[in-house]
Each structure stands twice: as C-alpha cells, then as structure tokens.
Amino acid sequence: MSEHLGDKIGRLRRLAGLTQEGMAERSGVSVDVVRKLEQKRKSSARLPTLHALAKGLGVELTTLLGDPPGVPSTGEADSPQLVAVRRAIHPLMFAPPEEPDGAEVLTPSLLRAEIADAWSIYHSAEFPQLLNLLPGILADARLTASEEGPEGQAALGKAYQLAGHLSIRLGKLDLALAALERAIGAAEASEDPLLVPMICNSLAWAYQRSNRLDDARSIALHAAQNLERDGLIDDASGLRVWGGLAMSAATSYARLDDYTSADKMMRAAEKAAGCLAKMPPTEGDGRLLSIFSKSSVRIERVRLAVQHERPAEALELAKGMRLSKDTPPSWRTWLLLDVARAHTDLGNADGAVKALESLRRVAPTWLRHHTLAVAIVSDLWELPSRPAGLRSIAEFLGVAN
C-alpha cells in the first residue's frame, strides 16, 4: 500500500523545518486540518486544500497525491517502458527517421485510426498497455509528418497530445509539458484550426496539476475566445472544442475559490451542450476531438460541487443522470467517485459503498488507479461501524488490515 497522505505531509513538513502551526500559517490551512491529516483522522482533503498544502510545503501537487500504480514513487529510476516513452518524446538529434515496423503501408488514415484506438486505451486506464504502444505510435507519427505535410503534422500533434495526457496521469509533469509543447508545434504546422485550441486545453490541465491556476484559466479562456472570434463554433466539432475549454476554465475558477464564476461558466457550457445535441454529428472519428456533451458537463458540475464541500448539491446534480453512449470510462469513473465522496461527506456510508461497488463493476482498473478511491475507502474503514460490502472493496484496494 502507498504511503498515507498524512505520513507524506508530516515527512515533507519536517524536511522543510516547519512546525504544524508554521505549515498551517504558510499554506493558509487551519492547523486542525493539518493535525487531523497527520494523525490519520482524515485520509483525504479537498483539491483546493491539497493545492494550498503543496504550495506551503514548496512541492508539486503530485508529490502529495503520489503516482498511479505501475510508476515508481520511491525515487527509483523510471521503468524501461517509461524510458522508452521519454526517448520517443525526446528523440535523438540528427537521427534518421524511424521506419515503420508494421506489415501494412503506413498512411495518414491508418495512423489516425491507430491514434484514436490509443486514446480509447487511455480512457480505459490501460496505462501499462499504452506505455508499450506509445513509442511506436510517436515513431509512426514522426515518419508520416515528414512525408505527408500538414495532414501528417496534424496526426503528430494528436500523438504528442496523447503522450502529454499519459505523462500527466503518471505524475510526470515535466515530460507532459515537453510533449504538449511539441504537440503545439505540430498543430501550428497543420491545417486543422481546431487542433491548437484542443492542445491548449491539455496544457491548461497540465498547469492545473502544477498549481499554475491563473495560467490554466488564462490559456483556456484565450483559446475559447479565439474560437468565437474566428467563427469556429458554428458546427459540432468546433463547439465540442469550445465546450472542453469552457469546462477547463470553470475548473480553474473553482480551484481559485471563485465558485460563482465557475458555476456561471459551467452553466454556459451546459447550454452549449444542449445546442450541440441538435447539430449534425461530428465528421470523422470523434475520439480525436475534445470530450464534450451534456453528460460530461453534468459530471464536471458534480465534481466541482464535491470539491467545494457542497455534497448535497453534488448528489442532486447526479440524481437520475443518464450518460451518453460516448461517455468514456474515465468520466464515468469520476462521477461514481464523486458520488461516493459526497455520500461519505454526508455520513451516508451505505450510499458511498454502493457507488464504489458500481465503479468496481464497470471500471475496476480505474478504481485501482485513483488515489481518491483509496482515500474514501480509508475514511470509511475508520468508522466505528463498517457498512456491508466495504471489506471486499478495501481488500481489493489493499486498504483492509
């Protein structure tokens, strides 16, 4: 089992030469919260609190949250798979382009299908599998970009964007920013006017994870405004990209403790999603576009309500929600986790376990990859009376003792 959040905070606080009171003052978090976390009377904290603690300790947020399974979190060297991804993102200078190793002749259409399938693997949380596939995808994309001009550059941009997303999930923010910088460069060389704003959305997410919240908000708002200015939101593809940026900006507002602006932005996104449902469907493979629909907007609203300690509002928003068929497993996972967290905050342990059981049925891999799931189960495990079904989930996550 990974190191407890409270143990991490205590260890990092002592390394920084801070008392609990000094850390509370530096981070703007109450000393009572610091004590409860270090004494393991609390196993989790809201994201704004974690951002504040990380800032007070002088570390990145991922240092507190830890890395997902499959990635060393003990200071050991990167795994061979991750080293291969690093080499693919930072290829040798002056090296000849890689030759495709597949039996089929590489074409832009085949590469797009390969990248779209890889995005599906990402959303299914099959990170070890994607780690193995990504170096070859990037090699194929670089070769295609060198031969096919703007169309190849567009594919290369999506491949680097995927590398950036995976790196964020693995807690490797330096690698993520490098990949996304290369993605922007390829996107600017393509003829796809939506590709740069899509990657800007990914950059905003990376900045959020780095606690650069003002930068995250600014880049998302700027890209969304550019889409409006250029008249690119009149069709389904453009509106999907705009909607993803609007949700990203709302998330940054919320983490900056401006819930009013966040809620206003999310309501605008929800209205846009209603318009999207009436438009002709997106041409091409929708997996290569931003995730945006009525379902994704509502899921994000639930998440923001939970993070801002509005559990009753979160459950009301989630009540009776019908998810669209194109909602990826990762988004379904976030919804069920937030519902579990809201039930826990309201003292409804049975409701929390029911949500976690649903998550285990539909996305067991994602359940294992979420530190929030471990935190919720740890909190429930400390209750004087444990609800039925909790032990099975606790054993599945390695929480039971």
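A tally of helices and strands in the protein yields 21 helices and zero strands. Among the 401 residues that make up the protein, the fraction classed as buried is 55%. Taking the intrachain contacts of the protein between residues at least 6 apart in sequence as the baseline, contacts between residues at least 24 apart amount to 68%.

It is worth spelling out the pattern of salt bridges at this point. Where side chains of opposite charge bring their charged atoms close, a pairing between them can arise. Scanning all chains against the criterion turns up 18 salt bridges. Between Asp 263 and Arg 301 there is a salt bridge, with its nearest N and O atoms 3.7 Å apart. Of this pair, Asp 263 sits in helix H14 (residues 259-276) while Arg 301 sits in helix H15 (residues 294-307), and the two are 38 residues apart along the sequence. As a salt-bridge pair, Asp 379 and Arg 341 come within 3.3 Å of each other at their nearest N and O atoms.

What follows is about the side chain of Thr 251. With respect to the helices and strands, the residue Thr 251 is situated in helix H13 (residues 236-255). Those residues in contact with Thr 251 that lie beyond four places of it in its chain are Gln 208, Glu 300 and Leu 304.

For the protein, per-residue confidence averages 84 on the pLDDT scale, and residues scoring 70 or more make up 89% of the total. In this model, residues 67-75 is a region of pLDDT below 50 whose contacts with residues beyond four sequence positions or in other chains number 15 contacts. Between residues 100-104, whose pLDDT stays under 50, and residues either more than four places distant or in other chains, the model counts four contacts.

The next subject is the environment of Ile 233. Checked against the element boundaries, Ile 233 lands in the loop between helix H12 (213-229) and H13. When its relative accessible area of 23% is taken as the criterion, Ile 233 is described as partly exposed. Separated by 39 residues in sequence, Ile 233 and Ala 272 place their C-alpha atoms 9.8 Å apart. Residues in contact with Ile 233, not counting those within four places in the same chain, are Leu 227, Glu 228, Gly 238, Leu 239, Trp 242 and Met 279.

In this structure, Ile 115, Leu 138, Phe 292, Leu 356, Val 377, Leu 380 and Leu 397 are the most contacted members of the largest nonpolar core, which totals 116 residues. Tallying contributions element by element places H13 first for this core, with 11 residues. Contacts of Leu 138, omitting those with residues within four sequence positions, involve Ala 88, Ile 89, Ala 159, Tyr 160 and Ala 163. If you look at the next biggest cluster of nonpolar residues, it comprises 15 residues, including Leu 5, Val 29, Leu 50 and Ala 52.

Next up on the list: the side chain of Arg 240. Positionally, Arg 240 belongs in helix H13. The exposure class assigned to Arg 240 is buried, which follows from its relative accessible area of 12%.

So, about the packing of helix H8 (residues 127-148) against helix H9 (residues 150-169). When two helices pack together, their arrangement is captured by the angle between the axes and the distance separating the axes. Following both chains from N to C, one finds H8 and H9 inclined at 155°, their axes separated by 8 Å at the closest point. With respect to H9, the axis of H8 lies roughly antiparallel. Handedness of the crossing formed by H8 with H9: left-handed. Note on element contacts: H9 touches H8 through Pro 150, Glu 151, Gly 152, Gln 153, Ala 155, Leu 156, Ala 159, Tyr 160, Leu 162, Ala 163, Leu 166 and Arg 169, opposite Phe 127, Leu 130, Leu 131, Leu 134, Ile 137, Leu 138, Ala 141, Arg 142, Thr 144, Ala 145 and Glu 148. Its residues placed into classes, the contact of H8 with H9 shows 16 nonpolar, three polar and four charged.

The subject of this paragraph is helix H16 (residues 311-318). Inspection of H16 places Pro 311, Ala 314, Leu 315, Leu 317 and Ala 318 among the buried residues, and these make up the whole buried set. Projection of H16 onto a plane perpendicular to its axis shows the buried side chains occupying an angular sector of 160°, all on one side. Among the structural elements, H15 and helix H17 (329-345) are those in contact with the buried residues of H16. Just downstream of H16 lies Gly 320, where phi reads positive at about 70°.

The rules behind each value
- Residues numbered from 1 in each chain as written.
- Predicted model: local features only at pLDDT ≥ 70, side-chain atom pairs only at ≥ 80, totals over all residues.
- Heavy atoms only, no water.
- Helix = DSSP H or I, 4+ residues; strand = E, 2+ residues; numbered from the N terminus.
- Buried < 20%, exposed > 50% of the residue type's maximum accessible area, 1.4 Å probe, protein only.
- Contact = heavy atoms within 4.5 Å.
- Salt bridge = Lys/Arg side-chain N within 4 Å of Asp/Glu carboxyl O.
- pLDDT = per-residue confidence, 0-100.
- Core = buried A, V, L, I, M, F, W, Y, C linked by side-chain atoms within 4.5 Å.
- Axes fitted to C-alpha atoms, helices over the stretch in contact; angles between N-to-C directions.
- Parallel < 35°, antiparallel > 145°, perpendicular 65-115°, else oblique.
- Left-handed = near helix turned anticlockwise from the far one by under 90°.
- Nonpolar A, V, L, I, M, F, W, Y, C, P; charged D, E, K, R; others polar.
- Arc of directions from axis to C-beta.

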